[in-house]
Amino acid sequence: MNFDNDEFRIREARSRDAADPLRSFRSRFHIPYRSKDAATTNDRGERDELIYLDGNSLGAMPVAVPQLMDDVIRRQWGTDLIRSWNDNGWIEAPSRIGSGIAELLGARSDEVLVADSVSVNLFKLLTALLSAQQSDTRRTILCEAGSFPTDTHVASGVARLTGCRLMTAAPEDLAASVDDQTAVILLSHIHYRTGARWDMAGMNRQAARHSVPVLWDLSHSIGAVPLNLPATGTQYAVGCGYKYLNGGPGAPAFLYAASDCLQHLASPLQGWMGHADPFAFEDSYRPAAGIERFLAGTPPILSMAALEAGVRLSASADMQVVWTKSCELFDLLTELVAEHCGSMELITPTKPAARGSHASFRHPHAWPINKALIARGVIGDFRTPDVLRLGLTPLYTRFEDVAQAVRILSHILKTEEWRRPEYQQTARVT
Ligand SMILES: *Cc1c(COP(=O)(O)O)cnc(C)c1O
């Protein structure tokens, strides 16, 4: 690296890393080396670490996880067996981890529950909200067109089951589409592809004017941006455990309902774990008094244990500091890309309040470019049809990672390395 001509601002990035108030968090994550076989080293003789810019899709593993899982498997399951439900706090895991997530939402600890997947939680809350709808004429579920597919897929399934209809609207038309037939609005707070963020408070206010509840999908928000659900008037939300919460592949998701809204909500999945007294083994169903009524079956304890480690890490960080660093990483990334990778078109809003913690770039060859980046140890992802998505996770992403990633991207574009045949092959998961 020629530091006299440091066009990628590597030296500046290193000093920013040295002064970063979050720098100690990185060592609490397992960051693998960049290459699995031939070790590459940087100019300081250190072995290169992977540049992981996909924490918005699957967060990195907290180093605490293997030992924690080992304890849950060998001691709690292996030795303590069934006694663990009481002795090792298994039965409280959904509400205990929920209360950790509640801190990140600015919510009360009894307003959040960890259970199932986002898709299933969407189903439970949407159906509950439609069943609670008093008016016979409010029969429309309103969603944003082009939002994360599971949102609209689940909504259309719920519409079919409940005899309602699903209406989708472009974001700019959405507010005007709310009328006296709207039963519920389902919105993804931060868009998975563009990174655009809704004005939560503003949208809640507009919906409240029509007395319509809004259900927010916070999958790309939790652990990424500061949230205060009560302050924004948010009553219902779901979100993902395996992205910025670093809960592990397929980690359980969460569900939030403001305490003053819970009483009129009934879960359509009336499982025994959501019963007021599961071990009374009653024939008839009585919902639990609190948010636990949204439990259906037995919680997956192994997955819960990994998620708890991730939630603890995020809850121990100051989300304002995390967000400030995310904005600084975003600025460095977008400035360097604009300077050195002119063919990449930024589609993420630049105004901090209008976006989340990833940057998306459009390029007609985004797929092979992403493949070429991965081959060089820079992991982002591709979203159809032409988007390269680079996630910024301030707990473990360094300024130097961003600067090096752009240096490598610029090399790939300049040399057209992405044209290699091996980078054209498609895959099942993108
Ligand atoms: C990742 C993500 C999900 C995940 O849903 P699962 O059912 O947990 O797989 C849902 N919604 C959005 C907006 C997401 O980004």
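Worth saying up front: this structure is predicted, and the values here are computed from it rather than measured.

K.L.:
What should I look at first to understand helix α10 (residues 301–315) in this one?
P.N.:
Because the α-helix completes a turn every 3.6 residues, residues three or four places apart line up on one side. Here α10 is 15 residues long and its end C-alpha atoms lie 20 Å apart, about the 21 Å a rise of 1.5 Å per residue gives. With 11 of 15 residues buried, α10 is to be regarded as a mostly interior element. Residues of α10 that are buried: Ile301, Met304, Ala305, Ala306, Leu307, Glu308, Ala309, Gly310, Val311, Leu313 and Ser314. Against the buried residues of α10 lie β1 (29–30), β3 (61–62), α2 (65–79), α3 (84–87), α4 (93–105) and β4 (112–115).

K.L.:
Explain the site of the ligand here, please?
P.N.:
Taken together, the neighbourhood of the ligand is formed by Ser117, Val118, Ser119, Phe148, Thr150, Asp151, Ser188, Asp217, Ser219, His220, Tyr242 and Lys243. Take Ser219: an N or O atom from its side chain is 3.5 Å from a nitrogen atom of the ligand. When the free accessible area of the ligand is taken as 390 Å², the share hidden by the protein chains comes to 89%.

K.L.:
What am I meant to see in the side chain of Thr234 here?
P.N.:
Tracing the backbone shows Thr234 in the loop between β8 (214–217) and β9 (236–239). Side chain to side chain, Thr234 and Asn204 meet in a polar contact 2.9 Å long. Look past the residues within four positions of Thr234 in its chain and what remains in contact with it is Met200, Asn204, Trp216, Leu229, Tyr256 and Ala258.

K.L.:
Whenever I open this one, the sheet that holds strand β14 (residues 381–383) confuses me. Can you help?
P.N.:
Strand pairing in a sheet relies on backbone hydrogen bonds. The paired strands run either parallel or antiparallel. If you walk across this open sheet you meet the four strands as β11-β12-β15-β14, and the pairing is antiparallel. The sheet is open, and its two edges are formed by β11 (345–346) and β14, each paired on a single side. Of the strand pairs in this sheet, β11 and strand β12 (residues 358–362) are connected by two bridges, and their pairing is antiparallel. Note that in β12 the partner of Glu345 across the bridge is Arg362. In the packing of helix α11 (residues 319–340) onto the sheet, contacts are made with β11, β12 and β15 (387–391), and the angle to β12 comes to roughly 20°.

About the criteria used
- Residues numbered from 1 in each chain as written.
- Predicted model: local features only at pLDDT ≥ 70, side-chain atom pairs only at ≥ 80, totals over all residues.
- Heavy atoms only, no water.
- Helix = DSSP H or I, 4+ residues; strand = E, 2+ residues; numbered from the N terminus.
- Expected span 1.5 Å × (residues − 1).
- Buried < 20%, exposed > 50% of the residue type's maximum accessible area, 1.4 Å probe, protein only.
- Contact = heavy atoms within 4.5 Å.
- Near = heavy atom within 4 Å.
- Polar contact = N/O pair within 3.5 Å; in protein donor to acceptor, adjacent residues only side chain to side chain.
- Areas by Shrake-Rupley, 256 points an atom, 1.4 Å probe, with all protein chains shown as cover.
- Pairing = 2+ DSSP bridges.
- Axes fitted to C-alpha atoms, helices over the stretch in contact; angles between N-to-C directions.

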